[in-house]
Amino acid sequence: MQTTLAEFLRDTPEGEEAKSIVGKCVHCGFCTATCPTYQLLGDELDGPRGRIYLMKQMLEGHPVTESTRLHLDRCLTCRNCESTCPSGVRYGRLVDIGRKVVDDVLADAGVERPANERFKRWALRESLTRPALFRPALRMGQLVRPLLPQTLRNKVPAAAKMAAPGKWPTATHARKMLLLEGCVQPAMSPNINPATARVLDRLGVQTVVAREAGCCGAIRFHTGDHAGGLDNMRANIDAWWPHIQAGVEAIVMNASGCGAMVKDYGHLLRDDPAYAERAARVSELTRDISEILPAFSDELHRLAGAVPRSSRRIAWHPPCTLQHGQQIRGKVEGLLTGLGIEVKLCADNHLCCGSAGTYSVLQPELSYRLRDDKLARLQATSPETIVSANIGCITHLQSGTDTPVMHWVELVDRMLG
């Protein structure tokens, strides 16, 4: 599909990239069959094909309205459509550009978001990305949790549901890998990072953390603050680079949302002369933990003990950022099955649970409908435990069920003792 860029976008990196992406769309409609918001709302403009039409019109300089912004805001950026698309349309990247353009165009026209929406987005960017602020805020929320309205209570996990962190291994190994701790994960699920480090330690790999590293950039970038997101990326590259020069084998991600973002550093910083080369190297080294452990399958089988009674039958929820964003499928299921665990995938396992980063806060009605649909399908497999690979999915699902929800690497950690 041909696109003639408006003057304000012509010869800009974002405009030219968006034009190239739109040009690949053949409007076959396969994407609508797997789009969660289209399935819920039945509106063509709330599916990928309709949103691409809206963005094409915007790129060509046609009037942009608040309705345009609403339809783009409702997109989960789950990228299920990318897995379905026969033409290879990079829709996730396109909608990031489209949201930024529509905000800029409407702001220039004096059409701001309502004050409460602007505050909510600002608060999410400034609190979630700063562990020093988020941790005490979470603890305070847990103290007054029974008094909170239901929507806020869903965002604050009960302390009783949070696994104790356990010890970080202290052994030194010749093989070393970097781990991104994440923004909210250490506070909301404090056992995931130590469990990852313990599993790697048992396999003879030392987990290294660069304390100067912070948010991966996804929260700011996906809420329209592209400049702030890119600054987060540059800060991480600076923090990791001495360790990369020292020879770490990989940068390990145990939150698939962060992994999808860091694997995109090379593309997003490709025009930055000071960071392009290093960003590409960082993306090249980045691996989800599910990409690392299969190479140790024989050793895991030798070291693993009995399957915990509470987790002999699990439901595996593959996050969108893992199966669609990173195109990683089958690795977790294969590894856990090989360790003697009965792994079940629910019906329509390709669909989003509704967490989608900040989506559950910004679009709560749609988010909770998707969560409840997902939990109903997961519970239909009669699981003793639900496991996933992203902190957002884990906390979102936990808020709607009494069935334990945990990261799959925590289960492996238990089996390794």
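Residues numbered from 1 in each chain as written. Predicted model: local features only at pLDDT ≥ 70, side-chain atom pairs only at ≥ 80, totals over all residues. Heavy atoms only, no water.

- The protein chain is annotated in an unreviewed UniProt entry as Glycolate oxidase iron-sulfur subunit of Cupriavidus pauculus.

1. Points about the sheet that holds strand S8 (residues 405–407)
Argument step 1. Here we have 4 strands laid out as an open sheet, ordered S6-S5-S7-S8, and parallel in their pairing. Two strands lie at the open edges of the sheet, namely strand S6 (342–344) and S8, each paired on one side alone. When strand polarity is set aside, the average angle formed by the axes of neighbouring strands in this sheet is 35°.
Argument step 2. Examined bridge by bridge, strand S5 (residues 313–316) and strand S7 (residues 385–388) share 3 bridges and lie parallel to one another. Note that in S7 the partner of tryptophan 316 across the bridge is valine 387. (Pairing = 2+ DSSP bridges. Helix = DSSP H or I, 4+ residues; strand = E, 2+ residues; numbered from the N terminus. Axes fitted to C-alpha atoms, helices over the stretch in contact; angles between N-to-C directions.)

2. Observations concerning the packing of aromatic side chains
Argument step 1. In this structure the tally under the stated criterion is 2 aromatic pairs.
Argument step 2. Centroid distance phenylalanine 119 to tryptophan 122: 5.9 Å. Interplanar angle 35°. Geometry classified as tilted. One end of the pair is phenylalanine 119 and the other is tryptophan 122, both in helix H7 (residues 115–128) and 3 residues apart, which spans about a single turn.
Argument step 3. Measuring from ring centre to ring centre gives 6.4 Å for tryptophan 240 and tyrosine 265, while their planes differ by 20°; the resulting arrangement is stacked. Pair noted here: tryptophan 240 is in helix H13 (residues 226–245) and tyrosine 265 is in helix H15 (residues 265–268), with a separation of 25 residues, a long-range link.
Argument step 4. A cation sits over an aromatic face here: arginine 278 above tryptophan 241, 5.9 Å from the ring centre.
Argument step 5. Its end group placed over the ring of tyrosine 275, arginine 278 keeps NZ or CZ at 4.6 Å from the ring centre. (Phe/Tyr/Trp six-rings, centres within 6.5 Å; stacked < 30°, edge-to-face > 60°. Lys NZ or Arg CZ within 6 Å of the ring centre and 35° of its normal.)

3. Things to note about the side chain of arginine 121
Argument step 1. Structurally, arginine 121 can be placed in helix H7.
Argument step 2. With residues up to four places along the chain from it excluded, the contact list for arginine 121 reads Asp73, Arg113, Thr223 and Leu362. (Contact = heavy atoms within 4.5 Å.)

4. So, unusual backbone geometry
Argument step 1. Unusually for a residue other than glycine, histidine 27 sits at a positive phi of about 60°.
Argument step 2. With respect to the element layout, histidine 27 can be found in the loop between helix H1 (13–24) and helix H2 (36–41).
Argument step 3. Backbone geometry at arginine 79 places phi at a positive 65°, although glycine is not the residue there.
Argument step 4. Within the secondary structure, arginine 79 sits in the loop between helix H4 (66–73) and helix H5 (80–84).

5. Thoughts on the nonpolar core
Argument step 1. The biggest cluster of nonpolar side chains holds 59 residues, and the ones touching the most others in it are Leu293, Leu300, Leu336, Trp408 and Val412.
Argument step 2. The residues touching valine 412, leaving out its near neighbours within four places in the chain, are Val199, Leu300, Leu335, Leu336 and Leu339.
Argument step 3. Leu178, Ile244, Ala255 and Ala279 belong to the second largest nonpolar core, which has 29 residues in total. (Core = buried A, V, L, I, M, F, W, Y, C linked by side-chain atoms within 4.5 Å. Buried < 20%, exposed > 50% of the residue type's maximum accessible area, 1.4 Å probe, protein only.)

6. Section: the side chain of glutamate 17
Argument step 1. You can see glutamate 17 is positioned in helix H1.
Argument step 2. Judged by its relative accessible area of 9%, glutamate 17 is buried.
Argument step 3. Leaving out residues up to four positions away in the same chain, glutamate 17 has contacts with Arg90, Arg93, Ile97, His267 and Arg270.

7. Quick word on empty space enclosed by the protein
Argument step 1. Tallied over the full model, the rule gives 4 cavities of 30 Å³ or more.
Argument step 2. Of the volumes computed, that of the largest cavity is approximately 130 Å³.
Argument step 3. Counting residues per element, the ones that place at least two in the lining of the largest cavity are helix H3 (48–59) and H5.
Argument step 4. The biggest single contributor to the lining of the largest cavity is H3, with 3 residues.
Argument step 5. When the residues that make up the lining of the largest cavity are grouped by side-chain class, the tally is 12 nonpolar, 3 polar and 2 charged. (1 Å grid on protein atoms, 1.4 Å probe; cavity = no way out; pocket = protein on both sides within 12 Å on 5 of 7 lines; lining within 4 Å. Points joined across faces, edges and corners; volume = space filled by probe spheres on them. Nonpolar A, V, L, I, M, F, W, Y, C, P; charged D, E, K, R; others polar.)

8. Some details on the sheet that holds strand S3 (residues 251–253)
Adjacent strands of a sheet pair through backbone hydrogen bonds, lying either parallel or antiparallel.
Argument step 1. Here we have 4 strands laid out as an open sheet, ordered S2-S1-S3-S4, and parallel in their pairing. Every interior strand has two partners, whereas the edge strands, strand S2 (205–208) and strand S4 (286–288), have only one. Neighbouring strand axes in the sheet, compared pairwise and without regard to direction, differ in orientation by 40° on average.
Argument step 2. Looking at chain direction, strand S1 (residues 175–179) and S3 are connected through 2 bridges and run parallel. Across the sheet, residue leucine 179 finds its bridge partner in S3, namely valine 252.
Argument step 3. Against the sheet, helix H11 (residues 192–202) engages S1, S2 and S3, with an angle of about 150° to S2.

9. Considerations on the layout of surface pockets
Argument step 1. As a volume, the second largest pocket reaches approximately 380 Å³.
Argument step 2. Taken together, 21 residues form the lining of the second largest pocket, with Pro13, Glu14, Arg93, His226 and Leu230 sitting closest to its centre.
Argument step 3. Elements that contribute at least two residues to the lining of the second largest pocket include exactly H1, helix H6 (91–108) and H13.
Argument step 4. The element contributing the most residues to the lining of the second largest pocket is H6, with 6 residues.
Argument step 5. Residue classes in the lining of the second largest pocket are distributed as 10 nonpolar, 2 polar and 9 charged.

10. Description of the pattern of salt bridges
A side chain of one charge can pair with a side chain of the opposite charge when the charged atoms of the two come close.
Argument step 1. Going through the model one piece at a time under the given rule, you end up with 32 salt bridges.
Argument step 2. The salt bridge partner of arginine 10 is glutamate 7, with a shortest N-O separation of 2.8 Å.
Argument step 3. A residue is classified by how much of its surface remains accessible, and glutamate 7, at 61% relative accessible area, is exposed.
Argument step 4. Among the salt bridges present, the one from lysine 263 reaches glutamate 291, with a minimum N-O distance of 2.8 Å. In this pair, lysine 263 is assigned in the loop between helix H14 (256–262) and H15 and glutamate 291 in helix H17 (residues 289–292), connecting sequence segments 28 residues apart. (Salt bridge = Lys/Arg side-chain N within 4 Å of Asp/Glu carboxyl O.)

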